[in-house]
Amino acid sequence: MSKEMVAMILAGGQGSRLGKLTKSTAKPAVPFGGRYRIIDFTLSNCFNSGIDTVGVVIQYQPLELNAHIQNGSSWGLDGKNGGATVLQPFASREGEKWFQGTAHAIYQNIEYLDLYDPEYVLVLSGDHIYKMDYEKMLQYHKAKNAALTVGVLPVSLDEATRFGIMNTDETERIIEFEEKPAHPKSNLASMGIYIFNWKTLKKYLVDSYSKDGKLEDFGKDVIPTYLFNNEPTYAYSFHGYWKDVGTISSLWQANMEFLDPNNELNIGDRSWRIYSRNETLPSMLLTKTATVKDSMVVDGCYVSGNIKHSILSQNVKVGSGTKVTDSMIMPDVTIGKNVTIDHAIIGEKATIGDGAEIVGTEDEIKVVGYGDIVGKKVEDR
């Protein structure tokens, strides 16, 4: 069975920068936007781009991500000749188990890819919020006769110091890669999205791991090797909303931007839907004492308090006299009476006791972790 292109979503990162929110779950499984999890955007992009075979490479805290993806049916990725497959580390004949880097994760899954004998492999990250047509990137890759195409996002030169930057010639061929340069020569930031000719990449990986095993990471090792060996490597510029939500600040900001009905992500676009696995829940219930302004309150919520410019995910309970402002409340959170929550992220299954105050600022978002309990016992609402 041969596929033109197979996607590999790297969803194994520990997510340490998200701290308390990822102590019990992988970063791509972190809730976002009321109804979604972060990885939903990448999975939906694959389906919408016509990619029907997706390997999801996971490592840390895999249970929730496993349960969320299941057989991929929520994203239309459950076909007999492909579909979504969760790939976890295993002990090889050489004794290796944990993935040592992004390229090593692909090397460890060569047998999976060879099942489909793809001409191209699309390597993606599972922790970005964006919509992108990967088919257009593939057509660009073919037109350039490239061995590797790197998705890049034009950023300001000030921002460029935080990214891996691709310097190109007039044909968009990459001639130099700089990791977080102090004085960037261009503004083309790597998005961590790659299309490889599979036979070429496989040869490099197999050769490396039969010798020194130095090709561990795509950014630090593989791209420089391709450039050194004069492999045709091109930059594909993406213009649209894209957010790396790997920090508390960026995750909070992306959720707040999600509330803007005119945001670039345009979640209501039915021609490019974002899918998720959601259980069927009763409609939200707002009591007589509830007020909701510029907010998103989804199915299963019970609200007696005041909600302003915030997101309440599924099954959130909010007691009377409570004020939630500029905050993101993840699923299955219980918030008591007379609570103040401002500029905060409240993790899944947390309990906020009556009278508690969780107040941050735009520069310092307050976080309550997964399953944490804050303050006194929650009384009946």
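The rules behind these values
- Residue positions are counted from 1 within each chain, in the order its sequence is given.
- Whole-chain, interface and lining totals are the exception, using all residues; otherwise, since this is a predicted model, local features are given only for residues with pLDDT of at least 70 and side-chain atom pairs are given and counted only at 80 or more.
- No hydrogens and no water enter the side-chain calculation; it runs on all heavy atoms of the structure.
- Helix and strand definitions here come from DSSP, where helices need a minimum of 4 consecutive H or I residues and strands a minimum of 2 consecutive E residues; each element is numbered from the N-terminal end.
- Categorising residues by exposure relies on relative accessible area from a 1.4 Å probe, with only protein chains included: less than 20% of the type maximum marks a residue as buried, more than 50% marks it as exposed, and the intermediate range marks it as partly exposed.
- Here a polar contact is taken to be a pair of N or O atoms separated by no more than 3.5 Å, where protein atoms must pair a possible hydrogen donor with a possible acceptor and residues adjacent in sequence count only if both atoms sit in side chains.
- Contacts between residues were defined by any pair of non-hydrogen atoms, one from each residue, lying within 4.5 Å.
- For a helix, the expected span equals 1.5 Å multiplied by the residue count minus one.
- Here the arc refers to the set of directions running from the helix axis out to each C-beta atom.
- When DSSP finds at least two bridges between two strands, those strands are taken to pair.
- Whenever a helix is involved, its axis is fitted only over the stretch in contact; in every case the axis is a line through C-alpha atoms, and angles between N-to-C directions fall within 0 to 180 degrees.
- Nonpolar cores were defined as sets of buried Ala, Val, Leu, Ile, Met, Phe, Trp, Tyr and Cys residues, with membership established by side-chain atoms within 4.5 Å.
- When two rings of Phe, Tyr or Trp (its six-membered ring) have centres within 6.5 Å they constitute a pair, described as stacked for plane angles under 30 degrees, edge-to-face for angles over 60, and tilted for the intermediate range.
- By salt bridge we mean one thing: a side-chain nitrogen of Lys or Arg within 4 Å of a carboxyl oxygen of Asp or Glu.

Peer 1: I'd like a rundown of the side chain of Asn167, residues and numbers included.
Peer 2: Relative to the helices and strands, Asn167 resides in strand E9 (residues 164-168). For Asn167, a relative accessible area of 5% corresponds to the buried category. Here the side chain of Asn167 touches Glu178 through a polar contact of 3.0 Å, side chain to side chain. If near-sequence neighbours (up to four positions away) are discounted, Asn167 is found in contact with Arg173, Ile174, Ile175, Glu176, Glu178, Lys185 and Ser186.

Peer 1: Explain helix H7 (residues 198-209) residue by residue, including any values.
Peer 2: Taking 1.5 Å as the rise per residue, H7 with twelve residues should run 16 Å; its terminal C-alpha atoms sit 16 Å apart, in good agreement. Of all the positions in H7, only Trp198, Leu201, Tyr204, Leu205, Ser208 and Tyr209 are classed as buried. Angular distribution of buried residues about the axis of H7 spans 135 degrees; they occupy a single face of the element. Turned more than 90 degrees away from the buried face of H7, the exposed residues are Lys199 and Lys203. Elements in contact with the buried residues of H7: helix H3 (102-107), helix H4 (110-116), strand E6 (120-125), strand E11 (188-197) and helix H8 (218-228).

Peer 1: Kindly report on the sheet that holds strand E16 (residues 296-297), identifying the contributing residues and their values.
Peer 2: Strand order in the open sheet formed by five strands is E16-E19-E22-E25-E28, with parallel pairing between adjacent strands. Every other strand in the sheet has two partners, leaving E16 and strand E28 (366-368) as the edge strands with one partner each. Running at roughly 95 degrees to strand E25 (residues 344-346), helix H9 (residues 248-258) makes contact with E16, strand E19 (311-312), strand E22 (328-329), E25 and E28 of the sheet.

Peer 1: I'd like a description of the sheet that holds strand E20 (residues 317-318), backed by residues and values.
Peer 2: Sheet strands associate in pairs through backbone hydrogen bonding, adopting either a parallel or an antiparallel arrangement. The strand order E14-E17-E20-E23-E26-E29 describes an open sheet built from six strands, whose pairing is parallel. With partners counted over all chains shown, the strands left at the sheet margins are strand E14 (285-286) and strand E29 (373-374), one partner each. Here E14 pairs with strand E17 (residues 302-303) via two bridges, running parallel. Of the residues in E17, the one forming a bridge with Leu286 is Val303.

Peer 1: So what's going on with the nonpolar core? Which residues, and what values?
Peer 2: Leu43, Val54, Val56, Leu122, Leu124 and Met132 are the most contacted members of the largest nonpolar core, which has 41 residues in total. Every element with two or more residues in this core is listed here: strand E1 (5-10), helix H1 (39-48), strand E4 (53-57), helix H2 (63-69), E6, helix H5 (134-143), E11 and strand E12 (233-237). Contacts of Leu124, omitting those with residues within four sequence positions, involve Ala7, Met8, Ile9, Leu10, Thr42, Cys46, Tyr130, Tyr134, Gly192 and Ile193. Formed by 36 residues, the second largest nonpolar core is a distinct cluster that contains Ala105, Leu113, Val121 and Val150.

Peer 1: So what's going on with the packing of aromatic side chains? Which residues, and what values?
Peer 2: A ring pair, where both rings are aromatic, is described by two values, the distance of the centres and the angle of the planes. Tallied over the entire structure, the rule returns 15 aromatic pairs. For the ring pair Tyr36 and Phe258, a centre distance of 6.2 Å and an interplane angle of 80 degrees mean the geometry is edge-to-face. Of the two residues, Tyr36 sits in strand E3 (residues 36-37) while Phe258 sits in helix H9, which places them 222 residues apart along the sequence. By relative accessible area, which is 8% here, Phe258 ends up buried. A network of ring pairs unites the aromatic residues Tyr194, Phe196, Tyr204, Phe218 and Tyr226 as a single cluster.

Peer 1: Quick one: what's the story with the pattern of salt bridges, residue by residue and with numbers?
Peer 2: Across all of its chains, the model carries twelve salt bridges by this definition. Of the charged contacts in the structure, one is a salt bridge between Lys3 and Asp52, with a shortest N-O distance of 3.2 Å. Here Lys3 is found in the segment before E1, whereas its partner Asp52 is found in the loop between H1 and E4, with 49 residues between them in sequence. For Lys3, a relative accessible area of 14% corresponds to the buried category.

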